[in-house]
Amino acid sequence: MQKSIIISNTHKEKLIQHARSNEPYESCAILIGQEIKSGWKVIEVFLTENIEKSKINFTISPQEEFKIDEIAKQKNLEIVSIFHSHPTSEPIPSNTDKKFMRLNPYPWIIYSGNTNTMKAYSLDLELNNISIDVV
């Protein structure tokens, strides 16, 4: 079955603006919401700092990820996706992304500043079997 990430247009635009405002560096965010039968529903977006300040990598501080996870639990929600941008390349997971996807087994959304496209991936779903449904 095709899984999808359901995200509002407002949240999608917020992520794109965050990516553009952080160029030339990769941007990142954590999305919280609910896992549903057809995939994941995004309820809230937390824009995070790329503490690496890198054009080809990103790192969210463990303290920030922990804080967001605690907020999610207080709201009876959970982390449903990790977002980051590729300012000058395609929205395809790099080898580094794949390594960290194993450690953070959520669907990952990648936005390409190069093509202005956004795609979602999960290692559990053969990488590219997730659609992004904007509502």
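Thresholds, definitions, all that
- Residues numbered from 1 in each chain as written.
- Predicted model: local features only at pLDDT ≥ 70, side-chain atom pairs only at ≥ 80, totals over all residues.
- Heavy atoms only, no water.
- Helix = DSSP H or I, 4+ residues; strand = E, 2+ residues; numbered from the N terminus.
- Buried < 20%, exposed > 50% of the residue type's maximum accessible area, 1.4 Å probe, protein only.
- Contact = heavy atoms within 4.5 Å.
- Areas by Shrake-Rupley, 256 points an atom, 1.4 Å probe, with all protein chains shown as cover.
- Lys, Arg positive; Asp, Glu negative; His and termini not counted.
- Charge placed at Lys NZ, Arg CZ, Asp CG, Glu CD.
- Expected span 1.5 Å × (residues − 1).

## Things to note about the overall build of the chain
Along the backbone of the chain there are 3 helices and 7 strands. Tracing the chain from N to C terminus, the helices and strands come up as β-α-β-β-α-β-α-β-β-β. Taking the principal axes of its C-alpha atoms as reference, the chain extends roughly 35 × 30 × 30 Å. Across the 135 residues of the chain, 44% fall into the buried class. By sequence separation, contacts in the chain at least 24 residues apart represent 65% of the contacts at least 6 residues apart. Of the roughly 7300 Å² of accessible surface on the chain, 49% is carried by carbon and sulfur atoms. Placing the 15 positive and 17 negative side-chain charges of the chain at their respective mean positions leaves the two points 2 Å apart.

## Comments concerning helix α2 (residues 62-74)
The terminal C-alpha atoms of α2 lie 18 Å apart, and with 13 residues this matches the ideal 18 Å at 1.5 Å per residue to within 8%. Residues of α2 that are buried make contact with β2 (28-36), β3 (39-48) and β4 (78-86). Asn76 occupies a position one or two residues after α2 and carries a positive phi of about 60°.

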